[in-house]
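# Residue-level structural notes
These are the residues of each chain, in order.
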Amino acid sequence: MRVIYMGTPDFAVPPLTAMHQAGHEIVYVVTQPDAVSGRGKKVHFSPVKAKALELGIPVLQPEKIRKNQEFLETIRQAKPDVIVVAAYGKILPKTVLELPPLGCINIHGSLLPRFRGAAPIQAAIIEGDEETGITIMKMAEGLDTGDMLAKATTLTDGKTGQQLHDELASLGAELLIQTLPALPTIKGQPQDDALSTYAPMISKQDGHIDFSEDAARIERRIRAFDPWPGTFAYAKEKMLKFWKAEVLDRTAEAPAGTIVEAKNDHIDIACGKGILRVTEIQAPGKKRTAVKEYLKGNSIEIGMVLG
RNA sequence: CGCGGGGUGGAGCAGUUGGUAGCUCGUCGGGCUCAUAACCCGGAGGCCGAAGGUUCAAGUCCUUCCCCCGCAA
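Reading the values: rules and limits
- Note on numbering: residues in each chain are counted from 1, in written sequence order.
- Key to labels: chains lettered from A, ligands numbered from 1, both in the order written.
- The model is predicted, so local features are restricted to residues of pLDDT at least 70 and side-chain atom pairs to those at 80 or more, both for listing and for counting; the totals for chains, interfaces and linings are taken over all residues.
- For side-chain calculations, the full set of non-hydrogen atoms in the structure is used, while hydrogens and water are omitted.
- Domains are outlined according to an automatic or database domain assignment.
- Contacts between residues were defined by any pair of non-hydrogen atoms, one from each residue, lying within 4.5 Å.
- Salt bridges are defined by distance alone: a side-chain nitrogen of Lys or Arg within 4 Å of a carboxyl oxygen of Asp or Glu.
- Here a polar contact is recorded for every N or O atom pair within 3.5 Å, except that within protein the pair must consist of a potential hydrogen donor and a potential acceptor, and residues adjacent in sequence are included only if both atoms are side-chain atoms.
- Strands here are runs of E lasting at least two residues and helices are runs of H or I lasting at least four, both read from the DSSP assignment and numbered beginning at the N terminus.
- Accessible area is worked out with a 1.4 Å probe on protein chains only. A residue is then buried under 20% of its type maximum, exposed over 50%, and partly exposed in between.
- Proximity criterion: a residue is near a molecule or strand once any of its heavy atoms comes within 4 Å of it.
- Throughout, the ten residues Ala, Val, Leu, Ile, Met, Phe, Trp, Tyr, Cys and Pro are labelled nonpolar, Asp, Glu, Lys and Arg are labelled charged, and all others, Gly among them, are labelled polar.
- Here the aromatic set is Phe, Tyr and Trp, taking the six-membered ring for Trp, and pairing holds for ring centres within 6.5 Å; pairs whose planes are under 30 degrees apart are stacked, those over 60 apart are edge-to-face, and all others are tilted.
- In this scheme, the term charge over a ring applies when either NZ of a lysine or CZ of an arginine sits within 6 Å of the ring centre and within 35 degrees of the ring normal.
- A residue's pLDDT is simply how confident the predictor is in it, with values from 0 to 100.
- Paired strands, in this sense, are two strands between which DSSP finds at least two bridges.

### Comments concerning the domain arrangement of chain A
Its domain assignment divides chain A into domain 1 (2–199) and domain 2 (204–297). Of note, the centres of domain 1 and domain 2, computed from C-alpha atoms alone, are 34 Å apart. Taken together, the contact pairs 11 residues of domain 1 with eight residues of domain 2. Joining domain 1 to domain 2, the criterion identifies one salt bridge. Of the charged contacts in the structure, one is a salt bridge between Glu127 and Arg217, with a shortest N-O distance of 2.9 Å. Taken together, the connections running from domain 1 to domain 2 amount to seven residue pairs in polar contact (both at pLDDT 80 or more).

Here it is in structure tokens:
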């Protein structure tokens, strides 16, 4: 099949690789423009661009699409059968959605209509869903509202955001390869808008722990935000990131955020409900460390309140 | 040249205004104990990230490089 692929981050790499291996003719890869990022402000390619270059596929990086006649003309002349989109990072205008004969299809990291939006994978963990998955849909003008074409599921289990992300990325690639050939005949299933939820884009600030929450939810947040943006709280002026924790059912008789115990391999913190037992921590400028190790060279003041 | 923290015995950390390194844990040996992630006694283990330089003398000052990490993007 003749396809144009649009995607940007790591999540969008496996589908690209899979289509290439499956023998689909990928005319162009469209991805976000190079941008400065990371320490030292160096210019970095998007992961998808890096892979496309490796595979020898022409890359397009339009700043904007809507009024970009040159870009629109280029993809029109490419005459793709379909445009496949995975975490591209920009809303596509109707002119693009209607351009290919088979339309545009999108790989989304949740079981729609649950968790429409930018961060479905993390949302599934935070909300405590036992099951999540991948949905491939026909793209419509609304945000992740198109008719569903195929689904694949997996368990959330005790997975971190990274683990679930990687798993769903490859699951999405598989599902895409299965779905593409059937595209001309497959019948989409409309989403039930009444059941839809929205998973907004995550910001650094979302990692700031609110200890008045249920310890169980905080633990899920810690997992979901591993490795980014990380989940943190402040001890005095110092930021502490938490990477692993358990939940104790009993409730502490102390205000939320109070450190009630710190010994051996754990630091216990009072929450709105339950106690958060932190077992892996990271201080600024330091690496992730098991609390067991951390406590050997650092002292934790019992009764201190984290904010 | 975006801002900043750090690389010290196996692990996590201290090391004052430069004078050949210390703590906690672990480890090994011994002791106590019904027992212990407990306690007591004793021991091993470090070319202090790398390469230069200053100095009578550098972990501690200067230069360059390598690596790790936080912020910001």
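### Observations concerning the pattern of salt bridges
What the rule picks out here adds up to 19 salt bridges. For Arg2, the salt bridge identified is with Glu25, shortest N-O distance 2.9 Å. Of this pair, Arg2 sits in strand S1 (residues 2–7) while Glu25 sits in strand S2 (residues 25–30); the two residues are 23 residues apart in sequence, bridging distant segments of the chain. With relative accessibility at 25%, the residue Arg2 sits in the partly exposed group.

### A closer look at the protein's contact with RNA strand B
Around RNA strand B there are 19 residues in total, and Gly38, Arg39, Lys204, Lys287 and Glu293 lie nearest to it. Taking all atoms of RNA strand B within 4 Å of the protein, the share assigned to sugar and phosphate is 56%. The contact in question runs from a base nitrogen of RNA strand B to an N or O atom on the backbone of Gly38, over 3.3 Å. Measuring from a sugar or linking oxygen of RNA strand B, one finds a backbone N or O atom of Gly297 at 3.0 Å. With four residues, helix H8 (residues 291–297) is the largest single contributor of residues to the surface near RNA strand B. For the surface near RNA strand B, the per-class residue count stands at three nonpolar, eight polar and eight charged.

### Notes on the packing of aromatic side chains
Per the stated rule, a full pass over the model turns up one aromatic pair. Above the plane of the ring of Phe45 lies Lys49, whose end atom (NZ or CZ) is 3.9 Å from the centre. Above the ring of Trp243, the side-chain terminus of Arg288 is found at 3.7 Å from the ring centroid.

### Some remarks on the confidence of the model for chain A
Averaged over all residues, the pLDDT of chain A is 95; the fraction at 70 or higher stands at 100%. The complex model carries a pTM of 0.93, and its ipTM stands at 0.86.

### Quick notes on the sheet that holds S1
Pairing is mixed in the open sheet, where seven strands are placed in the order S5-S2-S1-S6-S7-S9-S10. Each edge of the open sheet carries a strand with a single partner, namely strand S5 (59–60) and strand S10 (148–155). Here strand S9 (residues 131–138) pairs with S10 via seven bridges, running antiparallel. When the sheet's bridge partners are listed, Ile134 is paired in S10 with Ala152.

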